[in-house]
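Residue-level structure breakdown
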Amino acid sequence: MQANPSTPEGKTRRLRSAVLWFFALSALSVFAQELPMKIRLHVNSDIATATLVDNATTRDFVALLPLTITLVDFAKVERIGDLPRKLSTVGAPIGMDPVAGDITYYAPWNNLTIFAGDNVYADGLVRMGKVATGLAALQRSGPLKVRIERIQD
């Protein structure tokens, strides 16, 4: 049974509904503003930017930012660095085929991995994003000291 809209009970119910809708729409708006999320990577005097994908691993990674990490060469096409803690891999695929510019998490070693070139499929890799600008700075031989921060729009 619905309350009469002209009674105090009906007005309270309408107000409560309006407030709930407001908070629901606000939450959706904030969520929409979060995607796509962008980061800036300071590599010596150069800057690279990247766009991140939305997954549990990426959200866990972003919680670590800002972060300074040293990336070293691995297998000529990867720049890898140890993260301060393991990241969530909930819902992540088993692996992936990385290409130049991919930013990934290599779960077995707890590494941030940025691909300077294409590579073959690997189990344990979780895609977190893609370098949009400045990949050349990350393709140089390491070790590279990199400061990673979120870009606030």
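Residues numbered from 1 in each chain as written. Predicted model: local features only at pLDDT ≥ 70, side-chain atom pairs only at ≥ 80, totals over all residues. Heavy atoms only, no water.

**Describing the layout of surface pockets**
Over the atoms rolls a probe the size of a water molecule, and its path tells where empty space is left. What counts here: In this analysis the probe radius is 1.4 Å and the grid spacing 1 Å, with only protein atoms considered; a cavity is a set of points the probe fits into but cannot get out of, a pocket is an open set with protein on both sides within 12 Å along at least five of seven lines, and lining residues have an atom within 4 Å of a point. Grid points are joined across faces, edges and corners, and a volume is the space filled by probe spheres set on the points. The secondary structure listing takes helices from DSSP runs of H or I that are at least 4 residues long and strands from runs of E that are at least 2 residues long, numbered from the N terminus. Side-chain classes follow a simple rule in which Ala, Val, Leu, Ile, Met, Phe, Trp, Tyr, Cys and Pro form the nonpolar group, Asp, Glu, Lys and Arg form the charged group, and the remainder, Gly included, forms the polar group.
In this structure, the largest pocket spans a volume of roughly 150 Å³. For the largest pocket, the lining is made up of 13 residues, of which Phe 74, Glu 78, Tyr 106, Ala 122 and Leu 125 are closest to its centre. Considering each element in turn, the lining of the largest pocket owes the most residues, 3 residues, to strand β7 (residues 111–115). Grouping the constituent residues of the lining of the largest pocket by class yields 9 nonpolar, 3 polar and 1 charged.

**Structural notes on the sheet that holds strand β1 (residues 37–43)**
Pairing between the strands of a sheet is mediated by backbone hydrogen bonds and can be parallel or antiparallel. Put simply, the rule reads: Following DSSP output, two strands are said to pair if at least two bridges run between them. Between the N-to-C directions of two axes lies an angle of 0 to 180 degrees, each axis being a line fitted to C-alpha atoms and, for a helix, fitted only over the stretch in contact.
Ordered in space as β1-β2-β9-β6-β7-β4-β3-β10, the 8 strands form a closed barrel in which the pairing is antiparallel. Between one strand axis and the next, the sheet turns by 35° as a mean value, whatever way the strands run. In this sheet, β7 lies alongside strand β6 (residues 102–106) in antiparallel orientation, the contact comprising 4 bridges. Within β7, the position partnered with Ile 103 by the bridge is Ile 114.

**Comments concerning the confidence of the model for the protein**
Spelled out, the test is: pLDDT expresses, on a scale from 0 to 100, how confident the predictor is about each individual residue. By definition, residues are in contact when any of their heavy atoms lie within 4.5 Å.
Considering every residue of the protein, the mean pLDDT works out to 85; 78% of them sit at 70 or more. Of all the helices and strands in the protein, helix α1 (residues 8–34) carries the lowest mean pLDDT, 50, while β6 carries the highest, 98. The low-confidence segment residues 18–33 (pLDDT under 50) makes 1 contact with residues lying over four places distant or belonging to another chain.

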